[in-house]
Amino acid sequence: MKRYILLGADGRPHRSGTPGTLGGHHRSKIYGRLDCPSARRAIAAGGYVRHRVFFADAQTAVSAGYRPCAVCLPAAYRQWKTGKGDGA
């Protein structure tokens, strides 16, 4: 069985039998879709991968202290920016 490393709500890595549904960047504390155009550009330019993390869902990412990406999750980002939502 393949194992994946995901960050939990406490921000600590743990093994999972299920892959993450969202990716993030540890240094900037941003999470977004796995197909995010901004993340793909950064990866193609040779960056980002070293600090890449994965989450089971948005609620876990928010609990771990990450914010939604403005590029691939604009509605969640607007809610986070105005303080009217948890980003999920």
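Per an unreviewed UniProt entry, the chain is named Ada metal-binding domain-containing protein, and its organism is Mycolicibacterium septicum.

Talk me through the packing of aromatic side chains; I want residue IDs and the actual numbers.
Scanning the model with the defined rule gives two aromatic pairs in all. Aromatic pair Phe-55 and Tyr-66: ring centres 4.9 Å apart, planes at 70°, arrangement edge-to-face. Here Phe-55 is found in strand 5 (residues 52–55), whereas its partner Tyr-66 is found in the loop between helix 2 (58–63) and strand 6 (67–68), with 11 residues between them in sequence. The class for Phe-55 is buried, based on a relative accessible area of 0%. Its relative accessible area of 3% is what places Tyr-66 among the buried residues. The residue whose ring lies beneath Arg-67 is Trp-80, and the NZ or CZ to ring-centre distance is 5.4 Å.

The rules behind each value
Residues numbered from 1 in each chain as written. Predicted model: local features only at pLDDT ≥ 70, side-chain atom pairs only at ≥ 80, totals over all residues. Heavy atoms only, no water. Phe/Tyr/Trp six-rings, centres within 6.5 Å; stacked < 30°, edge-to-face > 60°. Helix = DSSP H or I, 4+ residues; strand = E, 2+ residues; numbered from the N terminus. Buried < 20%, exposed > 50% of the residue type's maximum accessible area, 1.4 Å probe, protein only. Lys NZ or Arg CZ within 6 Å of the ring centre and 35° of its normal.

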